[in-house]
Amino acid sequence: MAFRGRLRLAAVALALTALGGVALAAEPEKAVTGKLQTDKPLGVVELFTSQGCSSCPPADEFFAELAGKDDIIALAYHVNYWDYLGWQDTLSNKKNTERQYDYMRAFGSRSVYTPQAVINGRSHVNGASRMDVDGALARMDRTGEGMRVGIKVSRTSDRVMIDAGDAGNGPTDAHVVIVYFDPPQMVKIGQGENSGRSLTYWNAVSDIQTAGMWHGKAQRYELPMTEIVKKGGCAVLLQSVGKDGTPGPILGAAFIHKPDRL
């Protein structure tokens, strides 16, 4: 399905309000109470989907498989522009729709669509096509367009430490983006094109916030554990950004917390 029209969404500054001020730190790490996580995954799959889109259930089912893999950061952005068909997506929000329009501008496209899968922030394919998604991930891994910067996540009783690695001779600037998402949940759809169906949605994004800047050198960022435990799950993306503010290639990624329950 396609939605044509000019971009009229207002730009929203992704201020780090909920995190209570992320701080850079050089202090010695305290005893880690959780598992040290070293992540250089195969890639990042961002699915733009809608409960009101009849083409989306096959993509949502395939996405559930991706969400269960340890080497893929899978994030589902529910958009709101199909709500007029009779069902208001219970997981959609304005930021998700804005992110898809930002990708549209970055890719030089003239429209957005669902289901759309953006791979590593570099290209997009039909989110229901296993061949296209798997092929894009494998191709980028071979050509050096996969995750180039390692990210380590560790925890203490009161904070989460995110250690972004060194780029060497690679890129020198990126945003540290924190993406919060809900635990898997079943939704019974009462109206619209999927009326009467009960579908389970994984890793539905609830908020996106920019936590800081990375400048090509190893750097540490801290988040308060109190904010992390309030959320269903969250991931960190090290993503380059164009001069016009559009999202660019994702250089590194990791889960900070990944729920696995219904």
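Thresholds applied
- Residues numbered from 1 in each chain as written.
- Predicted model: local features only at pLDDT ≥ 70, side-chain atom pairs only at ≥ 80, totals over all residues.
- Heavy atoms only, no water.
- Axes fitted to C-alpha atoms, helices over the stretch in contact; angles between N-to-C directions.
- Helix = DSSP H or I, 4+ residues; strand = E, 2+ residues; numbered from the N terminus.
- Contact = heavy atoms within 4.5 Å.
- Nonpolar A, V, L, I, M, F, W, Y, C, P; charged D, E, K, R; others polar.
- Pairing = 2+ DSSP bridges.
- Buried < 20%, exposed > 50% of the residue type's maximum accessible area, 1.4 Å probe, protein only.
- Expected span 1.5 Å × (residues − 1).
- Polar contact = N/O pair within 3.5 Å; in protein donor to acceptor, adjacent residues only side chain to side chain.
- Salt bridge = Lys/Arg side-chain N within 4 Å of Asp/Glu carboxyl O.
- Core = buried A, V, L, I, M, F, W, Y, C linked by side-chain atoms within 4.5 Å.
- Phe/Tyr/Trp six-rings, centres within 6.5 Å; stacked < 30°, edge-to-face > 60°.

This brings us to the packing of helix 1 (residues 57–67) against helix 3 (residues 130–142). At a closest axis distance of 11 Å, the pairing of helix 1 and helix 3 adopts a crossing angle of 35°. Contacts from F62, E65 and L66 in helix 1 reach R130, V133 and D134 in helix 3. Grouping the constituent residues of the contact of helix 1 with helix 3 by class yields three nonpolar, no polar and three charged.

Moving on to the sheet that holds strand 14 (residues 205–214). Here four strands make up an open sheet; going across it, the order is 14-11-16-17 and the pairing antiparallel. Strands at the two margins of the open sheet, each flanked by one partner only, are strand 14 and strand 17 (247–257). Averaged over all neighbouring strand pairs, the angle between strand axes comes to 25°, with direction disregarded. Sheet topology note: the strand 16 (residues 233–241)/strand 17 ladder contains seven bridges and is antiparallel. Within the sheet, the bridge partner assigned to L238 lies in strand 17 and is G252.

Sheet strands pair by backbone hydrogen bonding; their relative direction is either parallel or antiparallel. Pairing within the open sheet is mixed, and its four strands lie in the order 5-4-7-8. Only two strands of the sheet have a single neighbouring strand rather than two, namely strand 5 (72–78) and strand 8 (123–126). When strand polarity is set aside, the average angle formed by the axes of neighbouring strands in this sheet is 25°. Both strand 4 (residues 43–49) and strand 7 (residues 116–119) contribute to a ladder of four bridges, which runs antiparallel. Looking at the pairing, E46 lines up with V118 of strand 7.

Those residues of helix 1 that sit buried are P57, A59, D60, F62, F63, L66 and A67. Packed against the buried residues of helix 1 are strand 4, strand 5, helix 3 and strand 13 (198–201).

With that settled, consider helix 2 (residues 94–107). Three- or four-residue spacings in an α-helix give side chains the same orientation, since the helix completes a turn every 3.6 residues. Over its 14 residues, helix 2 runs 20 Å from end to end, which matches the ideal 20 Å to within 8%, given 1.5 Å per residue. Listed in full, the buried residues belonging to helix 2 are N96, T97, E98, R99, Q100, Y101, Y103 and M104. Measuring from the side-chain oxygen of the N-cap residue of helix 2 to the backbone nitrogen of K95 gives 3.0 Å; that N-cap residue is N93. Phi turns positive, to about 70°, at G108, one or two residues after helix 2.

This part is about the pattern of salt bridges. Counted according to the given criterion, the structure contains 10 salt bridges. Here E46 and R99 are joined by a salt bridge, their closest N and O atoms 2.9 Å apart. Here the residue E46 occupies a position in strand 4, and R99 occupies one in helix 2, the gap between them amounting to 53 residues. R99 carries the same exposure label as E46, and that label is buried. Where salt bridges share partners, they join D158, R159 and E222 into one cluster.

Here we come to the nonpolar core. By size, the foremost hydrophobic cluster in this structure holds 26 residues, and its most contacted members are V44, I73, L75, Y77, V179 and L237. When near neighbours in sequence (up to four residues on either side) are disregarded, V44 contacts I73, V118, I119, N120, L137, M147, L237, I250 and A253. Grouped together as the second largest cluster of nonpolar side chains are 23 residues, V153, I162, A164 and A254 included.

A complete count under the given rule lists six aromatic pairs for this structure. Taking the centre distance of 5.0 Å and the plane angle of 20° together, the rings of F48 and Y77 count as stacked. Of this pair, F48 sits in strand 4 while Y77 sits in strand 5, and the two are 29 residues apart along the sequence. A relative accessible area of 0% means that F48 is categorised as buried. The buried category is assigned to Y77, whose relative accessible area is 0%.

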